[in-house]
Amino acid sequence: MSIRPRTPSLFRPHQPIDQNVLKENRKLIEAIDRRGVLRGTLTLGALTLLTGCDVSEEPAVQSALRAVSAWNDGVQSLLFRKNHLAPTFSPSQVVKPARFNAYYDIADVRPVDGASWKLELAGRIADKRPWTAQQIYQLPEQELIIKHICVEGWDYIGQWSGPNLRAFLERVGADLSAKYVYFICNDDYTESIDMATALHPQTILATKYAGEKLADPFGFPMRLRTSTKLGYKNAKWIKAIEVTNDFRETFWSKQGFNWFAGI
Amino acid sequence: MSTLAVKSRAPEIAPKPARLHPLPLRIMHWINAVAVFIMIGSGWKIYNDDVILGWLHFPDWIVIGKWAQYGLQWHFFGMWIFVLNGIAYLGYSIATGRFRQKLFPITLRELFATVGDALRFRLTHDDLTVYNAVQKILYLGVILVGILIVMTGLCLWKPVQFSELAALFGNFQIIRIVHFLCMAAIVGFIAVHVTLALLVPQSLVAMITGGPVLHAKPALVARPVPAVDPVPAVEPAAPVPAQPTPIEPTPDSNP
């Protein structure tokens, strides 16, 4: 199948931040010194360099910025309209194939074996028996033709179908008053969403794209698709779902991306 | 004489004299400067991850935030300062009548006159308290762009929650472009604004110290009273009766 590989994406592994920054800055400072530019003056340019490279990583600044980000999580959950539907589109507008993105290259996708795959359930769920792919396929399907919006700024219209998450959680006797639904993925990715989003009518466990079984790069056999979150919240290759009241940082939130990431 | 004495004592009793830029306004101006600096620098970082114009990629040394997440963190921190300060500014300027006084009315005739003066290099900035038509339009325009950039920003942040507002602009990519163009307009405004502030340094000083004291009637300018100069014959200070007295200055010159 022809899948368009992404040009530079932030969802690629970066070098461990600390060492890189030290190296970069040393070079930068030397360069400034050598040219004798900006020395002793706090010009606008120097201020930009300062802000751009150093300040965000200062522990005090970073913890302040993360505190604001956490505050923004709260604001976003207040702004969230529980039953407000995202715009939907017609099948003719669907982009095929879907657009790939992950924290690694498409060539590095490790396909999941559908025959041996099982969905594990954990936490505040009454019936924790694991599910096979066949069992999931037998559940009633819901189709969503919605926009996928990436934090980077690009978007595309996709056609996803699979069981509604709310219906699934009700079926397995999950505690719907719990705070979070947490997803653990086959590629060690983790993601979690607030319960209000999990119960939103446009949140599904997608098993199909454009009417066909999900291809490996897009989360086969099962992924999350919700119309009210940025792309990175939509965990792919889900292998376990946990319903919990404990907040845990997720793959991207650990690195400083906003946790709620609502749209 | 007695009136003079009263006048000089007045400031001690009465509240401080009104200045061109009252203290709250100056504070809001500089808070805004910082907020806009953060928003533009971090916005450029966010832009770089999915450029709108293929040839335009903001260099690393000019953006705020080394990694994407830092750019986003700064942007969603700066937005609070920009929006809250902006609301305070709009509320203040409407409540105190500053908008009405400074920015209105803008007449077409005044605009032509200003542009004409500017083209002939006759534009003066002797009086900081009165804005010419071009200034009025630029200030009003940048305020409107500021409102538009916040609205499009809200639509980019929450295209689903604010889907009704977002629908007014069009699809997500159109909103991005409008947001981007608003940024470009603000950058253009800042270039002109800062250049002119540096060319007319007293205007920059005024935004720090408050500038000239305003008198009761805002239309009247705080023109310095001509010094005790014996020969400023052209000054309007000498009205009709002064005409037949050409001898007057001489006794002063050699007492």
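## Some details on the sheet that holds strand E8 (residues 208-209) of chain A
All names here are of chain A. With respect to topology, 4 strands assemble into an open sheet ordered E3-E4-E8-E9, the strand pairing being antiparallel. Across the chains shown, the open sheet's two edge strands, defined by having one partner strand only, are strand E3 (142-149) and strand E9 (212-213). Summarising the sheet, E8 and E9 pair through 2 bridges and their orientation is antiparallel. Residue pairing in the sheet places Tyr209 in a bridge with Glu212 of E9.

## Some thoughts on the confidence of the model for chain A
When pLDDT is low, close inspection of the predicted coordinates is not appropriate. Summarising the model, chain A shows a mean pLDDT of 88, and 79% of its residues fall at 70 or more. Long-range and interchain partners of residues 37-45 of chain A, a stretch whose pLDDT sits below 50, account for 7 contacts in this model, where long-range means more than four residues apart.

## So, the interface of chain A and chain B
The parts lose accessible area when they come together, and the size of an interface is often stated as this lost area. If you look at the interface, chain A gives 33 residues, while chain B gives 27 residues. Where the side of chain A that touches chain B is concerned, the elements lending two or more residues are helix H2 (44-54), helix H3 (59-79) and E3 of chain A.

## A closer look at the confidence of the model for chain B
Looking at chain B, pLDDT values average 82 and 78% of them are 70 or higher. Confidence over residues 1-11 of chain B falls short of pLDDT 50; this stretch has 2 contacts with residues more than four positions distant or in other chains.

## A word on the sheet that holds strand E5 (residues 180-185) of chain A
All names here are of chain A. Taking strand neighbours across the sheet as the criterion, the 5 strands line up as E2-E1-E11-E5-E6 in an open arrangement whose pairing is mixed. Bordering the open sheet on either side are strand E2 (131-132) and strand E6 (190-194), each of which pairs with just one other strand. Pairing between strand E1 (residues 118-123) and strand E11 (residues 238-244): 4 bridges, direction parallel. Within E11, the residue paired with Glu120 across the bridge is Ala240.

## Notes on the pairing of E3(A)
Strand residues, when the strand is regular, have side chains that alternate between the two faces of the sheet. All names here are of chain A. Burial runs high along E3: 6 of the 8 residues are buried. Across 8 bridges, E3 lies against strand E4 (residues 155-162) in antiparallel orientation. Pairing of Ile149 across the sheet is with Asp155, part of E4. With antiparallel pairing between neighbouring strands as the criterion, E3 and E4 make up a hairpin whose turn holds 5 residues, including Gly153 at a positive phi of roughly 125°.

Thresholds, definitions, all that
Residues numbered from 1 in each chain as written. Chains lettered and ligands numbered in written order. Predicted model: local features only at pLDDT ≥ 70, side-chain atom pairs only at ≥ 80, totals over all residues. Pairing = 2+ DSSP bridges. Helix = DSSP H or I, 4+ residues; strand = E, 2+ residues; numbered from the N terminus. pLDDT = per-residue confidence, 0-100. Contact = placed C-beta atoms within 7 Å. Buried ≥ 20, exposed ≤ 12 C-beta atoms within 10 Å, placed from the backbone.

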